[in-house]
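What follows is the residue order along each chain.
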Amino acid sequence: MRLSRIIMALTAGLAVVLAPTAAGAAQPQPAPGVPQPPPDYVPQPAALTANRTTIVLGQTVVLTGTNFGPTETVDHDVAVSPLAASVPGQPARRSDGSTVAMAAVAYSQPAPRHFTAYTNAAGRHTVSHRPTEVGQHTYTATGRESGRTDSVTITVLPKKKPGGGNQLPVTGDSMGTPLKVGGGLVGAGAVLMLGSLVWRRRNRFGMGSTR
């Protein structure tokens, strides 16, 4: 009896000791030499931002991407939509209600609709783009290896006309006043000239009669 109790005690103790080892062996082990993120690590979503949300045609926008994959190629695609016009034949309007004069601008080499950039070890990249079309430009960046993506939209306005377009138009009233003044001066000059001639003739005939 004593021998059997000793054997049972040894068996139970051995089972307790070997249980954690068996549980650890059942879980998948990381590959040797590959760094593993902390258990509570949550990847941050990719973000694409622009240095300005509104530019004038001919200016350059700078795009910055963060939280993409490290040292990967990022594809950028550009979608262009026209500025909103309420009624056909009416000028386009900005979001604040002000009008935009749509002037046709021709470029020999239009800006590309697709271009690439490369991230650093932290998943960050910066790239410049110079639009050659007026409208809403939506840039979409997608990492080739990570598959992370994000978009940003900017507004491209037409160039201002020479002189700024702030000069007031010349109306009929503004031109009529100088013409009236000039006509009055000419009439007064003619009256004075006639009066002078009459005065000279009277003096001449008056002097002849006294002799």
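Reading the values: rules and limits
Residues numbered from 1 in each chain as written. Predicted model: local features only at pLDDT ≥ 70, side-chain atom pairs only at ≥ 80, totals over all residues. Heavy atoms only, no water. Helix = DSSP H or I, 4+ residues; strand = E, 2+ residues; numbered from the N terminus. Buried < 20%, exposed > 50% of the residue type's maximum accessible area, 1.4 Å probe, protein only. Contact = heavy atoms within 4.5 Å. Areas by Shrake-Rupley, 256 points an atom, 1.4 Å probe, with all protein chains shown as cover. Pairing = 2+ DSSP bridges. Patch = residues over 30% accessible without salt bridge, like charges linked within 9 Å, V, L, I, M, F, W, Y side chains within 5 Å. Salt bridge = Lys/Arg side-chain N within 4 Å of Asp/Glu carboxyl O. Polar contact = N/O pair within 3.5 Å; in protein donor to acceptor, adjacent residues only side chain to side chain. Axes fitted to C-alpha atoms, helices over the stretch in contact; angles between N-to-C directions. Core = buried A, V, L, I, M, F, W, Y, C linked by side-chain atoms within 4.5 Å.

Got a sec to walk through the overall build of the chain? Specific residues and values, please.
Helix and strand content of the chain: two helices and 10 strands. The order of α-helices and β-strands along the chain, N terminus first, is α-β-β-β-β-β-β-β-β-β-β-α. Counting the 211 residues in the chain, one finds 20% classified as buried. In the chain, the proportion of contacts linking residues at least 24 apart, taken out of those at least 6 apart, comes to 66%. Surface summary for the chain: the accessible area is close to 15700 Å², and the carbon and sulfur share equals 62%.

I'd like to hear about the pairing of strand E3 (residues 61–66), residue by residue, with values.
Looking at chain direction, strand E1 (residues 47–50) and E3 are connected through four bridges and run antiparallel. What sits directly across from Ala 47, in E3, is Thr 66. Direction of pairing for E3 relative to strand E8 (residues 125–129): antiparallel, over a ladder of five bridges. Across the sheet, Val 61 pairs through a bridge with His 129, a residue of E8.

Tell me about a nonpolar patch on the surface, and name the residues and values.
Among the surface-exposed residues, Met 193, Leu 194 and Leu 197 lie close enough to one another that they form a single nonpolar patch of about 330 Å² accessible area. Within the secondary structure, Leu 194 sits in helix H2 (residues 172–210).

So what's going on with the side chain of His 76? Which residues, and what values?
Looking at where His 76 falls in the secondary structure, it is placed in strand E4 (residues 73–81). Residue classification places His 76 among the buried residues on the basis of a relative accessible area of 0%. A polar contact of 3.0 Å, which involves the side chain of His 76, links it to the side chain of His 125. If sequence neighbours within four positions are ignored, His 76 has contacts with Leu 48, Leu 63, Arg 113, His 114, Phe 115, Thr 116, Ala 117, His 125, Val 127, Thr 140 and Ala 141.

Talk me through the sheet that holds E8; I want residue IDs and the actual numbers.
If you trace the three strands from one edge of the open sheet to the other, you get E1-E3-E8, paired in antiparallel fashion. Of all the strands in the sheet, just E1 and E8 have a single pairing partner and so form its edges. The mean inter-strand angle of the sheet, taken between neighbouring strand axes irrespective of direction, is 20°.

Tell me what's going on with the sheet that holds strand E10 (residues 149–157), and back it up with residues and numbers.
The five strands lie next to each other as E2-E10-E9-E4-E7, forming an open sheet whose pairing is mixed. Of all strands in the sheet, those bounded by a partner on one side alone are strand E2 (54–56) and strand E7 (114–118). Neighbour to neighbour, the strand axes of the sheet diverge by 30° on average, direction disregarded. Where strand E9 (residues 135–143) meets E10, eight bridges bridge the pair, whose relative direction is antiparallel. Residue pairing for E10: Tyr 139 is matched across the bridge by Val 152.

Can you explain the nonpolar core? Please cite residues and give values.
By size, the foremost hydrophobic cluster in this structure holds 17 residues, and its most contacted members are Leu 48, Val 61, Leu 63, Phe 115, Tyr 139 and Ile 154. Breaking this core down by element, the ones donating at least two residues are E3, E4, E7, E9 and E10. Counting residues per element, this core draws most heavily on E10, which supplies three residues. Ignoring any residue separated from it by four or fewer positions in sequence, one finds Leu 48 in contact with Leu 63, Thr 64, Gly 65, His 76, His 125, Tyr 139, Ala 141, Asp 150, Ser 151 and Val 152.

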